[in-house]
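Residue strings, one per chain:
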Amino acid sequence: FIFLSLFLLFNLKVNNLPKFWDKSIKIGLIILPILGILISIYFTPFFPVHGDLEKEMISVIEDVYGKFIILGNTGRVYANAVYSYAAIKHDLYTPVGWGAESVSDEYSKRINMLQEDLDNGRCDELLDGLSYFGVTDVIAYHDCDKIEKCGFRKARGDNICLFKL
């Protein structure tokens, strides 16, 4: 649509247009991009400021020394961003991450089963799944009590909990 519109606009014989349309097109070509930029600036959020929850997540990551996974709802904290941060800043590994499309269906199902096992209180299956992936540390936000009921050793936690296996 845009290509066709621009093609027709550039092929338009400006000399044959009435003065009103000639002036309107020239003004429109100036005002519309400026208006688009102003709308984009107004509606596009700038970098969010890290709150206490994000700062706590960063401090918890500093105490992780093995392969880790984040289970449960993480609130405002985007889990994939944490995985990337941990890999880049602390050279940490995780069985989860950005490349979900590059792993087999069985692998994805096993990862998803970890959360289902936690939600349904199947602690033995959860531990087996974490062992299968070589996870040594589990981070949680709302599900700290569920993980604690499974007998995992809580290393630290106020809002965000770190468990060691």
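Since the model is a prediction, treat every value here as computed from it, not as a measurement.

**Q** Tell me what's going on with unusual backbone geometry, and back it up with residues and numbers.
**A** Phi at D91 is positive, roughly 55 degrees, even though this residue is not glycine. Considering the arrangement of structural elements, one finds D91 in the loop between α4 (79–90) and α5 (105–119). By relative accessible area, D91 is classed as exposed at 55%.

**Q** Summarise the pattern of salt bridges; cite the residues concerned and give the values.
**A** In this structure the tally under the stated criterion is six salt bridges. Between K146 and D143 there is a salt bridge, and its shortest N-O distance comes to 3.7 Å. Among the charged side chains, a salt-bridge network with shared partners connects D119, D143 and K146.

**Q** So what about the sheet that holds strand β3 (residues 153–157)? Which residues, and what values?
**A** In space, the four strands of this open sheet follow the order β1-β2-β4-β3, with mixed pairing throughout. On the outer flanks of this sheet lie β1 (68–71) and β3, each paired with one strand and no other. Strand-to-strand, the axes of this sheet are offset by a mean angle of 25 degrees, without reference to chain direction. Two strands pair when backbone bridges link them, and β3 and strand β4 (residues 161–164) are joined in this way by four bridges, in the antiparallel orientation. The residue of β4 that forms the bridge with R153 is K164. Across the sheet, helix α3 (residues 52–61) is in contact with β1, β2 (137–140), β3 and β4; its angle to β2 comes to roughly 175 degrees.

**Q** Got a sec to walk through the nonpolar core? Specific residues and values, please.
**A** By size, the foremost hydrophobic cluster in this structure holds 32 residues, and its most contacted members are F68, I69, L114, L126, L130, V138 and I139. If sequence neighbours within four positions are ignored, L114 has contacts with I69, L71, L126, G129, L130 and F133.

**Q** Please set out the packing of α3 against α4 residue by residue, giving values where relevant.
**A** At a minimum axis separation of 11 Å, α3 and α4 run at an interaxial angle of 45 degrees. The angle between α3 and α4 places the two elements in the oblique class. Both α3 and α4 take part in a crossing whose hand is right-handed. Between α3 and α4, the contacting residues are M57, I58 and I61 on the first element and V82, Y85, A86 and H90 on the second.

**Q** How would you explain helix α6 (residues 123–133) if you had to name every residue and give the values?
**A** When we look at burial in α6, the residues that qualify are L126, G129, L130 and F133. Seen from one end, α6 has its buried residues packed into an arc of 95 degrees, which puts them on one side. Exposed residues lying more than 90 degrees from the buried face of α6 are D124 and D128. Turning to α6, the residues buried within the fold contact β1, α5 and β2. The first or second residue beyond α6 is G134, which carries a positive phi of 75 degrees.

**Q** Help me get a handle on the environment of Y78, residues and values and all.
**A** Among the secondary structure elements, Y78 is positioned in the loop between β1 and α4. A sequence separation of 62 residues divides Y78 from A140, and the C-alpha atoms of the two residues are 12 Å apart.

**Q** An account of the packing of aromatic side chains is requested, with residue identities and associated values reported.
**A** Any two aromatic rings considered together are summarised by their centre-to-centre distance and by the angle between their planes. Applying the stated criterion across every chain, the model contains five aromatic pairs. Between the aromatic rings of F68 and Y83, the centroid separation amounts to 5.5 Å while the plane-to-plane angle is 45 degrees, which identifies the pairing as tilted. Of the two residues, F68 is situated in strand β1 and Y83 in helix α4; the sequence distance between them amounts to 15 residues. For the residue pair F68 and Y83, the accessibility class agrees, reading buried in each case. Here the basic side chain of R110 rests over the ring of Y132, its NZ or CZ set 3.5 Å away from the ring centre.

Rules and cut-offs
- Residues numbered from 1 in each chain as written.
- Predicted model: local features only at pLDDT ≥ 70, side-chain atom pairs only at ≥ 80, totals over all residues.
- Heavy atoms only, no water.
- Helix = DSSP H or I, 4+ residues; strand = E, 2+ residues; numbered from the N terminus.
- Buried < 20%, exposed > 50% of the residue type's maximum accessible area, 1.4 Å probe, protein only.
- Salt bridge = Lys/Arg side-chain N within 4 Å of Asp/Glu carboxyl O.
- Pairing = 2+ DSSP bridges.
- Axes fitted to C-alpha atoms, helices over the stretch in contact; angles between N-to-C directions.
- Contact = heavy atoms within 4.5 Å.
- Core = buried A, V, L, I, M, F, W, Y, C linked by side-chain atoms within 4.5 Å.
- Parallel < 35°, antiparallel > 145°, perpendicular 65-115°, else oblique.
- Left-handed = near helix turned anticlockwise from the far one by under 90°.
- Arc of directions from axis to C-beta.
- Phe/Tyr/Trp six-rings, centres within 6.5 Å; stacked < 30°, edge-to-face > 60°.
- Lys NZ or Arg CZ within 6 Å of the ring centre and 35° of its normal.

Nothing here speaks to function; it is geometry throughout.
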